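Survey of secondary and tertiary structure
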Amino acid sequence: NSDPTTLLHLGAASEMLTHALDASQRIMRNLRPAVLDQGLVAAVNWLVSNFSKRTGVPATVNSLQQLDSLPKVVQLAAYRTTQEALTNISKYAKCTRVKVEISDAEGVLTLEVSDDGIGTTSLDLAKTSSFGIRGLKERARTLGGWLDVSSRPTHGTSIILSIPLP
């Protein structure tokens, strides 16, 4: 049928379907980024490399293990913690270097993201607008872990994620 109204509806439906598929793929990528398929350390290296290219701030990743056998939810929590920490650093830290350390010593995944920037105060962290850190703490709690933020003005900030491993 080549009725113009029908063709118009088919075109609109096809366009909506394409947008819906694009949106669902974008959501799935955001839920579990494809880079995590390469393993946690590779994914964190990728985040850190992009951070350095974008900001010009040198950043390193230290890990003695590949940590590829960690549960996917633990890998995702570590990835998102790194992502949020680097976002905060790029916005607020005014630092000259960043260091990320990852280990699974003593049955606990430990991820530490630290910078040598201006630091932050407990008042800043308690602001109702600090959704990022609050969300990371909640994510860690749902996995039986915890997130600590330590900082001293002019001495940088350190975000430490700890998750007991099964």
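Above this text sits the structure in question.
Residues numbered from 1 in each chain as written. Predicted model: local features only at pLDDT ≥ 70, side-chain atom pairs only at ≥ 80, totals over all residues. Heavy atoms only, no water.

What to know about the overall build of the protein chain
Rules: To qualify as a helix, a DSSP run of H or I must reach at least 4 residues; to qualify as a strand, a run of E must reach at least 2; elements of each kind are numbered from the N terminus. Exposed residues in this analysis have more than 50% of their type's maximum accessible area, buried residues have under 20%, and partly exposed residues fall in between, with area computed by a 1.4 Å probe over protein chains only. Contacts between residues were defined by any pair of non-hydrogen atoms, one from each residue, lying within 4.5 Å. Shrake-Rupley sampling with a 1.4 Å probe provides the accessible areas, and residues are treated as covered by the protein chains on show and by no other component.
When its secondary structure is counted, the protein chain shows five helices and five strands. Element order for the protein chain, N to C, with α for helix and β for strand: α-α-β-α-β-β-α-α-β-β. Within the protein chain, the fraction of its 166 residues that count as buried is 33%. Pairs at least 24 residues apart make up 67% of the contacts formed inside the protein chain by residues separated by at least 6 positions. Within the structure as shown, the protein chain displays about 10,100 Å² of accessible surface, and the carbon and sulfur contribution to it stands at 58%.

Here's the deal with the packing of helix H2 (residues 40-55) against helix H3 (residues 72-93)
Filter applied, for reference: Helix axes use the C-alpha atoms of the stretch in contact, all axes being lines fitted to C-alpha atoms, and the angles between their N-to-C directions lie in the range 0 to 180 degrees. Every angle not falling under 35 degrees, over 145, or within 65 to 115 is termed oblique; those three ranges are roughly parallel, roughly antiparallel and roughly perpendicular. Handedness of a helix crossing follows the sense of rotation of the near helix relative to the far helix, less than a right angle counterclockwise being left-handed and clockwise being right-handed. We call Asp, Glu, Lys and Arg charged. Ala, Val, Leu, Ile, Met, Phe, Trp, Tyr, Cys and Pro are nonpolar, and the rest, Gly among them, are polar.
The geometry of H2 relative to H3 is characterised by a closest axis approach of 10 Å and an angle of 10° between their N-to-C directions. Judged by the angle between their axes, H2 and H3 are roughly parallel. As for how H2 packs across H3, the hand of that crossing is right-handed. On H3, the residues that touch Leu-40, Ala-43, Val-44, Trp-46, Leu-47, Val-48, Phe-51, Arg-54 and Thr-55 of H2 are Gln-75, Ala-78, Tyr-79, Thr-82, Gln-83, Leu-86, Ile-89 and Ser-90. A per-class count over the contact of H2 with H3 returns eleven nonpolar, five polar and one charged.

Observations regarding the pattern of salt bridges
Our working rule: We define a salt bridge as a contact between a side-chain nitrogen of Lys or Arg and a carboxyl oxygen of Asp or Glu at a distance within 4 Å.
Scanning the model with the defined rule gives three salt bridges in all. The partner of Arg-97 in a salt bridge is Asp-116, with the nearest N and O atoms 3.8 Å apart. Remark: Asp-116 occurs in the loop between strand S3 (108-115) and helix H4 (122-126) and Arg-97 occurs in the loop between H3 and strand S2 (98-103); sequence separation between them is 19 residues. Taking relative accessible area as the criterion, Asp-116 reaches 25% and is therefore assigned partly exposed. For Arg-141, the salt bridge identified is with Glu-138, shortest N-O distance 2.8 Å. With Arg-141 and Glu-138 both in helix H5 (residues 131-142) and three residues apart, the pair spans about one turn of that helix. Relative accessible area serves as the criterion here: at 52%, Arg-141 is assigned to the exposed category.

Read these as spatial facts, not as claims about activity.
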